[in-house]
Amino acid sequence: MAEIEAQEDTEYLDEAYDEQEASIEGAVDEDQEENGLDSAVRQLQEVQDKEFVEVRLPADIVAEAQQAWQAFIGSAGSRDAAGEAIYAAVFESAPSLQSLFKTARSVMALRFMNGLNSIISSAASPSVLKTQVETLGFQHLDLEVTIPRVVIFRDAIINLLQMEVGARFTTKARLGFLSLLNYVGGAYIYIRREYAVRIKIIASSWRTANNKAADFMDQGEENKDEGEEGEEEEETAEGEGEGGEGERGKANKADAEREEETRRDTKDSKDEARASGEARASGEARASGEARNKNSNMKVPTTFNEMFLFNGAVMGFANSLWMSIILEQFDAMVTNVANSNRLQEECDVLSLVLAKYRGTINLSEFKAVMLASMRSLVPKDWNGDHEVAWGWLWENVERMLKNLMGKPQVQEKALERFIMSLTEDASNFLR
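These figures come from a predicted structure and were not determined experimentally.

Take the packing of helix α2 (residues 59-76) against helix α4 (residues 105-121) next. Relative orientation of the contacting elements α2 and α4 amounts to 150 degrees, with a least axis distance of 10 Å. Classed by the angle they form, the pair α2 and α4 counts as roughly antiparallel. As for the relative orientation of α2 and α4, their crossing is left-handed in sense. Counting all contacts with α2, which are made through Ala 65, Gln 66, Trp 69 and Ile 73, the residues of α4 involved are Met 113, Leu 116, Asn 117, Ile 120 and Ser 121. Of the residues assigned to the contact of α2 with α4, the class counts are six nonpolar, three polar and no charged.

Dropping the structure here:
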């Protein structure tokens, strides 16, 4: 009987030990999970502006943040209303930032909405998120983004979501928005600081390219002046030759009576020599004229657009007429690379014009021809930094244009329906 009780006590102790060991292992697993979470998000609890790299947030945090974002849009009733709410929250939370709101309220609200939506939507893919944030940072190069301003903007957004979504704005959702907004704000600061060198390279090389084109034009004018001087010298030489022939004719006529027999003997040889000289002079004049015509037909490109079209034809893009459309606004885009609002307007207008083009548009082809033209116009200063800077410029412009492609056709139909729905008085007022 005692042995049975001892065996039961031993089994009980073993079970208690197993339960205690299991609880310890569970606690260890929870600590490891928390430590893993901290290692992935710890750096983004504060604004990081020292580097701009890909970031991978935990899947559950991203999912919670995306669900809270969709709940916020649903509670607002529409994307436009959600954008208005974000605009009001940021505008009212920081009077010091109100000077940055230079665009119309409805336009700025739409930009807030589109920018945040693109960030939240791409949060699950580190590479896509980095590309999206880089594009947004490129569009904010003219704004002085600082860490205090990022904190004000971040807290205004989080407080708005907490108030509108309520219990659905969980701890993980809050952590996700905190990390994403800190990441975006730090990237804006980094891009504006580090990529300022690229903007300087673009501006200086663009000036060099234009000056080089002016040098080509001056050289062409000098060659033209030299050609005109050469023609004048030829005319003077021909006049002197004719005068010399007249004097020789008078001398021959005076001596004709005394040396009639000698003249008869030498007449044939002189005629042959004269004929040979005239033929030679005629041949030289013809050759000179052909050379002059050939040189005039070989026109040296004197502008960036001419150099671009020349290289485009050489590279097999002569039939890509859409490149000429971009060329018309390319100078405005380059000179306003640091002015995000103006650059966005240029891309908006360009997308409207490209929407009328009936054909295939491959924007990467423009980049190849553009780089070849810049290398030709800036041969001495061109290096790897120039290659990176100009490639970076066009890649961002290309992304902005691609985001707009296809939208003008849809917007045109919506605008047509809107105009048709207006009353006569409203139509007159709109005009």
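So that's the structure; there's more coming.
With that out of the way, let us pick up α2. Counted at 1.5 Å a residue, the expected span for α2 with its 18 residues is 26 Å, and the 26 Å between its end C-alpha atoms agrees. Turning to α2, its buried residues number three or more, namely Ile 61, Val 62, Ala 65, Ala 68, Trp 69, Ala 71, Phe 72 and Ile 73. Two residues or fewer after α2 comes Gly 77, characterised by a positive phi angle close to 100 degrees.

When you line up the elements, Leu 327 lands in helix α11 (residues 322-335). It is 9.7 Å that separates the C-alpha atoms of Leu 327 and Met 370, two residues lying 43 residues apart in sequence. Sequence-distant contacts of Leu 327, defined by excluding residues within four places in its chain, comprise Phe 304, Asn 305, Phe 308, Leu 309 and Phe 366.

This next bit is on helix α6 (residues 147-165). Between the first and last C-alpha of α6 there are 27 Å, a value that for 19 residues agrees with the 27 Å anticipated at 1.5 Å per step. Elements in contact with the buried residues of α6: α2, α3 (79-93), α4 and α7 (171-194). Residue Gly 166 follows α6 closely and has a positive phi angle near 75 degrees.

Next up on the list: a nonpolar patch on the surface. On the surface, a cluster of nonpolar side chains totalling about 400 Å² of accessible area is made up of Leu 415, Phe 418, Ile 419 and Leu 430. Looking at the nonpolar patch, the element that brings in the most residues is helix α15 (residues 407-421), giving three residues. Checked against the element boundaries, Leu 430 lands in helix α16 (residues 424-430).

Per-residue pLDDT for the protein chain has a mean of 75; in total, 70% of the residues score no lower than 70. Predicted confidence in the protein chain is weakest over helix α1 (residues 2-41), with a mean pLDDT of 44, and strongest over helix α13 (residues 363-377), with 92. The low-confidence segment residues 235-252 (pLDDT under 50) makes one contact with residues lying over four places distant or belonging to another chain.

About the criteria used
Sequence positions are assigned chain by chain, starting from 1 and proceeding in written order. Per-residue local features are limited, in this predicted model, to residues with pLDDT of at least 70; the limit for side-chain atom pairs, both in listing and counting, is 80 or more; totals at the level of whole chains, interfaces and linings are taken over all residues. As a convention, hydrogens and water are excluded, and side-chain values are obtained from all of the structure's heavy atoms. To obtain each axis, a line is fitted to C-alpha atoms, and for helices this fit is confined to the stretch in contact; angles are then taken between N-to-C directions over 0 to 180 degrees. The way it works is that DSSP assigns letters per residue, a run of H or I at least four long becomes a helix, a run of E at least two long becomes a strand, and they are numbered from the N terminus. Between 65 and 115 degrees an angle is taken as roughly perpendicular, under 35 as roughly parallel, over 145 as roughly antiparallel, and anywhere else as oblique. Note on convention: the crossing is left-handed when the near helix lies turned anticlockwise from the far helix by less than a right angle, right-handed when the turn is clockwise. We call two residues in contact whenever any of their non-hydrogen atoms come within 4.5 Å of each other. Each residue is assigned to one of three groups, with Ala, Val, Leu, Ile, Met, Phe, Trp, Tyr, Cys and Pro labelled nonpolar, Asp, Glu, Lys and Arg labelled charged, and all others, Gly among them, labelled polar. Helix span, as expected, comes to 1.5 Å for every residue beyond the first. Under the scheme applied here, a residue whose accessible area is under 20% of the maximum for its type counts as buried, over 50% as exposed, and between as partly exposed, the area being computed with a 1.4 Å probe on protein chains only. A patch consists of residues whose relative accessible area exceeds 30% and which take part in no salt bridge; residues with like charges are grouped when within 9 Å of each other, and nonpolar side chains (Val, Leu, Ile, Met, Phe, Trp, Tyr) when within 5 Å. Here, Shrake-Rupley sampling with a 1.4 Å probe gives the accessible areas, and only protein chains in the shown set may cover a residue. When a carboxyl oxygen of Asp or Glu is within 4 Å of a side-chain nitrogen of Lys or Arg, the pair counts as a salt bridge. Confidence scores labelled pLDDT are given residue by residue by the predictor and lie between 0 and 100.

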